[in-house]
Amino acid sequence: MTEVIQIEQLVVTYRDTETRATRTVVDRLTFTVRPGEVFGFLGPNGAGKTSTMNVLLGFTHAASGSASIFGVDVRQPIARQRIGYLPEMTYYYKFLTAEELLRAYGRIFGLDDGEIRRRTDELLALVELEAARRRLIRTYSKGMQQRLGLAQALLNQPDLLILDEPTSGLDPLGRMKVREIILRQKAAGKTVFFSSHELGEVESVCDRVAILHRGELKALGPVGEIKHPADGNLEQAFLRLIGWPGAPKPASDAGPADHQPTAP
Amino acid sequence: MRAILTLAHLVILEMVRRKDIYVLFVLTALLTLIAAAANIFDDTRVVRYLKEISLTLIWVSGFVLAVTSAARQIPAERESRTLFTLLAKPVSRWQFIAGKFLGCWLACGLALLVFYAFFGAVALSRERSLDLAGWAQAISMHWFMLAVPVALALAGSLLWAAPSSNSTLTLVVCFGIWLLGRHLHKVALGLPEPRATLLTLVYFIIPHLELFDIRDLIVHRWPPVPWLFWLGALLYAAAYTGMILTGAWLLFRRRPLN
Amino acid sequence: MPQTAIAILFLTSLALVTSLEPWFQSWQGNRAQSADLLAVLLGDARRAFANHFFIKADVYFHNGYYPSIFDNRTAFQTPHMAADAGALEEKNTGEEDDFLGPPKDWIDAFGRRFKPATHTHLYQGGARADGPAHKEIELADSQDVREILPWLRASAALDPQKIETYTTTAYWLRQRMGKTTEAEAFLRDGLRANPDSHEILFELGRIADEHGKDPARARNLWELALAKWRKFELPKKDPDTFSLLQIASHLAMLAERESRWDEYLHYLGLWKAASPQPAEIEKRIAEAQAKRAAANAKPQTQNSKP
Ligand SMILES: Nc1ncnc2c1ncn2[C@@H]1O[C@H](COP(=O)(O)OP(=O)(O)O)[C@@H](O)[C@H]1O
Ligand SMILES: [Mg+2]
């Protein structure tokens, strides 16, 4: 079976508009996401998570290395029919209602109107926006917009769901909702690839995680393997991995490289 | 095609739900009606000045509407980051450009229908008959002409990040061509050498928007343009629009988005 | 975006206000110059706008077929509507139909299909959607010349000192549209702003003569016009002989109609002095002298025509 996401030696650089110097924000990143797994892409703010996802979705181009989705190079017109994507921070067309937004996106996916209506009802119920479905998005709170974002990402029943910081800015109930949706996808045999910097949230849902810091992969593997016995939770493991001085000392002196898996 | 039409539909919905069109229409109607209320030596059949004022306002409004609406499309998508949601779906970048163009252009067409209906009513209120052929030519040529500013503003929004500087620049170019375009060659003939060639070149490169301005024929009730030439003008506009949109697509095709 | 739209709309409105302002005035019935907001705003630009609107009226007079500032305007130095009205002396040369010259390129040739392309005059019917454009309708039939009036009105409101606006407007109002009352009222407005204008006095005289059928009044007005001409025009370096010609000829013809031969001869003398073809007038003088001699032969007949 082909990997859902395959990233090899990926380098992403930005050119500073003023100094014209290039800055590497993702450095020789390599990992794969397998079918049916929930993969947490973790790292502090500015680690390069969004930059990696932008390459995956074809928004930007890698300086070097390769990335493919469902075995297709992301530089090719990718298999976007099978992807659901929730960007980091998005405002949807303010002049539309939730219903109209989903109808427009549904048409872009080539769904027929009956199907769109059915999925709209189902998804708006799932994200609890039924009461607001005929209101202009202009009047939505941030949390409501985020939930609408989830609904649109699920509209095409994607085989791969890519979520960029889906829980940021949500209240505890909203976060629980996100976790519920991720697990629902997993139960349906779908793949979920999501980024986060709030580690406590993801511990329970991820099959595997990758920890990124300043563009470099610090750890990759199941949560249980990454955590040392000394780390109380993933958060502490994370702090230790990125070399935060206040982090608890591990029992052994093993460096982070120990947890780097060999390339597939 | 479905994606393009869906995008176009979104643009039209947006324009209908914004106030711009209504503001422009109310202003045009108001100024025309004020002009109509004037007492011209107690003669109530004087009409041509009204037709001209109304048509001129429609032309100005048309440019403003076309350029400002097209100029804000892509920047607004980027600013609200809806562009990312959209392009992560099965929409190619040329479909995106085409959809945005089509939406703005169709919305301009709808606006023109309203404007020209108003114009027809003004003319009919004082003239015994409406010259339907001329009216149809005026609106169709105006509409096709507006495809060029729409395409220009879309392409411009890929070159100049700020929508306001882009619309100002595009509007200046459009008004410049509208008012001076047809004289450039004549003027060039009277200039010293390097400038003469330069201006002649400009003359042959620019889209001659002023060709589409048949206000004089309508205002003074001249017979309509021969239909073959009318068709030629529409094709001329379509050709320029196609070229500009292709340029916009080339600019946008490999552009990193972040 | 919205700011640009608003800026452009504001400029357009400003440009339009310049054309609408006279109508605001006529609405309010306010003729007080001091209350004129635009006077402060535009200052000297008013005169430029007034001139622009005057030309605009002539553009309408030609149904939109008119040279731009980039074209050959020798045939349009004097607006035809003013020349035809006798308000200005015609100084045009060259071919009226040919100001564009041959097409310079294919865009030029193509573009001419979308613009008026024949020389026509409004009072001759002008362009018609329902007939060949060149077909000239019987002169008296067409009142389309009314279409120049809004621009003339605007011109006068912007520059009340522009005399030819009043005389041109009055001519077309009375001559073509039978609006003698309005013509006279407009001339009176002009006279209030220009009390020493021999042109306006002359035109008022024509109304008294041709429409009021009041030759005595006409003669008074024309004599006043002549006095004003002598006082203000004669001392000039290059006096306006065209006006003198008009005043003198009308006074002469009135005197002839009323058989006042001495007076007739007096004005014929003036007419001759102002005329570019004095030989023609010389003939009339000879005829008049003969008539005077005949009249003096039977002095009891006091003749006057109705
Ligand atoms: N368009 C850009 N131009 C220049 N630098 C950028 C741009 N986008 C992101 N960066 C930089 O790249 C780094 C990684 O950013 P990002 O991928 O957004 O991090 P994350 O999503 O992990 O928070 C940051 O240092 C950020 O400042
Ligand atoms: Mg990010």
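What counts and how
- Residues numbered from 1 in each chain as written.
- Chains lettered and ligands numbered in written order.
- Predicted model: local features only at pLDDT ≥ 70, side-chain atom pairs only at ≥ 80, totals over all residues.
- Heavy atoms only, no water.
- Axes fitted to C-alpha atoms, helices over the stretch in contact; angles between N-to-C directions.
- Helix = DSSP H or I, 4+ residues; strand = E, 2+ residues; numbered from the N terminus.
- Parallel < 35°, antiparallel > 145°, perpendicular 65-115°, else oblique.
- Contact = heavy atoms within 4.5 Å.
- Nonpolar A, V, L, I, M, F, W, Y, C, P; charged D, E, K, R; others polar.
- Donors = N, O, S within 2.8 Å, 3.2 Å for Na, K, Ca; no water.
- Buried < 20%, exposed > 50% of the residue type's maximum accessible area, 1.4 Å probe, protein only.
- Pairing = 2+ DSSP bridges.
- pLDDT = per-residue confidence, 0-100.
- Patch = residues over 30% accessible without salt bridge, like charges linked within 9 Å, V, L, I, M, F, W, Y side chains within 5 Å.
- Areas by Shrake-Rupley, 256 points an atom, 1.4 Å probe, with all protein chains shown as cover.
- Salt bridge = Lys/Arg side-chain N within 4 Å of Asp/Glu carboxyl O.

What about the packing of helix H7 (residues 163-177) of chain C against helix H8 (residues 180-193) of chain C?
All names here are of chain C.
Here is step 1 of the chain: Here H7 crosses H8 at 170°, and the two axes come no closer than 8 Å. Relative to H8, H7 is oriented roughly antiparallel. Of the residues in H8, those in contact with Thr165, Tyr166, Thr167, Thr169, Ala170, Leu173 and Arg174 of H7 are Thr180, Glu182, Ala183, Phe186, Leu187, Asp189, Gly190 and Ala193.
Here is step 2 of the chain: Of the residues contributing to the contact of H7 with H8, the split by class is 7 nonpolar, 5 polar and 3 charged.

Remarks on the coordination of the magnesium ion (ligand 2)
Residue and element names in this part refer to chain A.
Here is step 1 of the chain: Around the magnesium ion (ligand 2), the protein supplies Thr50 (OG1), Glu88 (OE) and Glu88 (OE) as donor atoms, at distances of 1.9 to 2.8 Å. Pair noted here: Thr50 is in helix H1 (residues 49-56) and Glu88 is in the loop between strand E6 (83-86) and helix H2 (98-108), with a separation of 38 residues, a long-range link.
Here is step 2 of the chain: The exposure class of Glu88 is partly exposed, given its relative accessible area of 26%.

Thoughts on the sheet that holds strand E1 (residues 5-15) of chain A
Pairing between sheet strands relies on hydrogen bonds along the backbone, with the strands arranged either parallel or antiparallel.
All names here are of chain A.
Here is step 1 of the chain: Strand order in this open sheet of 4 strands is E2-E1-E4-E5, and the pairing throughout is antiparallel. Strands at the two margins of the open sheet, each flanked by one partner only, are strand E2 (22-33) and strand E5 (72-73).
Here is step 2 of the chain: Summarising the sheet, E1 and strand E4 (residues 64-69) pair through 5 bridges and their orientation is antiparallel. Bridged to Glu8 within E4 is Ser66.
Here is step 3 of the chain: The sheet contacts of H1 involve E1, E2 and E4, and relative to E1 the element is tilted by about 115°.

As for the confidence of the model for chain A
Residue and element names in this part refer to chain A.
Here is step 1 of the chain: Per-residue confidence for chain A averages 85 on the pLDDT scale, and 90% of its residues sit at or above 70.
Here is step 2 of the chain: Helix H6 (residues 199-202) is the least confidently modelled element of chain A, averaging 74 in pLDDT, while helix H3 (residues 113-126) averages 95, the highest of any element.
Here is step 3 of the chain: Per-residue pLDDT stays below 50 along residues 251-264; that stretch engages in 13 contacts with residues further than four places along the chain or on separate chains.

Structural notes on the sheet that holds strand E9 (residues 208-213) of chain A
Residues and elements named next belong to chain A.
Here is step 1 of the chain: Spatially, E6-E7-E8-E3-E9-E10 is the arrangement adopted by the 6 strands of the open sheet, whose pairing is mixed. Of all strands in the sheet, those bounded by a partner on one side alone are E6 and strand E10 (216-221). Taking each pair of neighbouring strands and ignoring which way they run, the sheet shows an average axis angle of 15°.
Here is step 2 of the chain: As paired strands, strand E7 (residues 160-164) and strand E8 (residues 191-196) are joined by 5 bridges and run parallel to one another. In the strand pairing of E8, Leu161 is matched with Val192.
Here is step 3 of the chain: Helix H5 (residues 172-187) rests against strand E3 (38-42), E7 and E8 of the sheet, and its axis sits at about 155° to E8.

A short note on a nonpolar patch on the surface
Here is step 1 of the chain: Taken together, the side chains of B:Leu159, B:Trp160, B:Leu169, B:Val173 and B:Leu251 define a hydrophobic patch exposed on the protein surface, amounting to about 430 Å² of accessible area.
Here is step 2 of the chain: Locating B:Leu251 in the fold gives a position in helix H11 (residues 227-253).

Notes on unusual backbone geometry
Residue and element names in this part refer to chain A.
Here is step 1 of the chain: The backbone of Arg28 shows a phi angle near 40°, a positive value even though the residue is not glycine.
Here is step 2 of the chain: Locating Arg28 in the fold gives a position in strand E2.
Here is step 3 of the chain: Notably, Glu165 is not glycine yet its phi reads approximately 50°, a positive angle.
Here is step 4 of the chain: Tracing the backbone shows Glu165 in the loop between E7 and H5.
Here is step 5 of the chain: Overall, the relative accessible area of 4% leaves Glu165 in the buried class.

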